[in-house]
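# Working through the structure, step by step
One-letter residues, chain by chain:
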Amino acid sequence: MMSHSNRPPPPTLRIRIVFGKDGMIGPGKAELLERIDRCGSIAAAGREMNMSYKRAWELIGTLNSMFHDPVVESTRGGSGGGGAVLTDTGKQVLALYRSFEAQCATAGAQQLESLHALLKDREVQG
């Protein structure tokens, strides 16, 4: 019998909410919003995620076009440098997504644990 230390790590949820064919928010976009909020910059947030500047801007453009109001507002660079901030809508979208994610994890904890218990033990490499 294998020891408990060979168990796979506990499961985590990666929830994607799809709003029709063109709208979606998931863990990547949520993380990007969190990093923009912390860094004050789309470019810096993208760099932290090993994401190209272009890709980060594309994702923000998609998010901004999904909701009635933009989720991120940016200012152009220049002598003072540019920046980006989450709007009130952006903060609300992020909070709602993270809240939904947490509620799903709590509501499904028993099922996740049961699925985890059914997984094969991993063999120790070495």
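Residues numbered from 1 in each chain as written. Predicted model: local features only at pLDDT ≥ 70, side-chain atom pairs only at ≥ 80, totals over all residues. Heavy atoms only, no water.

### A look at the nonpolar core
Inclusion rule: Within this scheme, the nonpolar core is defined by two criteria: the residues are buried Ala, Val, Leu, Ile, Met, Phe, Trp, Tyr or Cys, and they are joined through side-chain atoms within 4.5 Å. For every residue, the accessible area (1.4 Å probe, protein chains only) is compared with the maximum for its type, and the residue is labelled buried under 20%, exposed over 50%, or partly exposed between those bounds. Numbering of helices and strands starts at the N terminus; helices are DSSP runs of H or I of at least 4 residues and strands are runs of E of at least 2. Contacts are assigned to residue pairs that have any heavy atoms within 4.5 Å of one another.
Counting residues in each nonpolar core, the largest one holds 21 residues, and the members touching the most others are Leu-32, Leu-33, Ile-36, Ile-42, Ile-60 and Val-72. Breaking this core down by element, the ones donating at least two residues are helix H1 (27-39), helix H2 (42-48), helix H3 (53-66), strand S4 (83-86) and helix H4 (88-107). Residues within four places of Ile-42 in sequence aside, it is in contact with Ile-36, Ala-56, Trp-57, Ile-60, Val-72, Ser-74 and Ala-84.

### What to know about the pattern of salt bridges
Condition: By definition here, a salt bridge exists when the distance from a side-chain nitrogen of Lys or Arg to a carboxyl oxygen of Asp or Glu is within 4 Å.
Scanning all chains against the criterion turns up 8 salt bridges. When the shortest N-O distance is used, the salt bridge between Arg-35 and Glu-31 registers 2.7 Å. Taken together, the residues Arg-35 and Glu-31, both in helix H1 and 4 residues apart, mark about one turn of the helix. With a closest N to O distance of 2.5 Å, Glu-48 and Arg-38 form a salt bridge.

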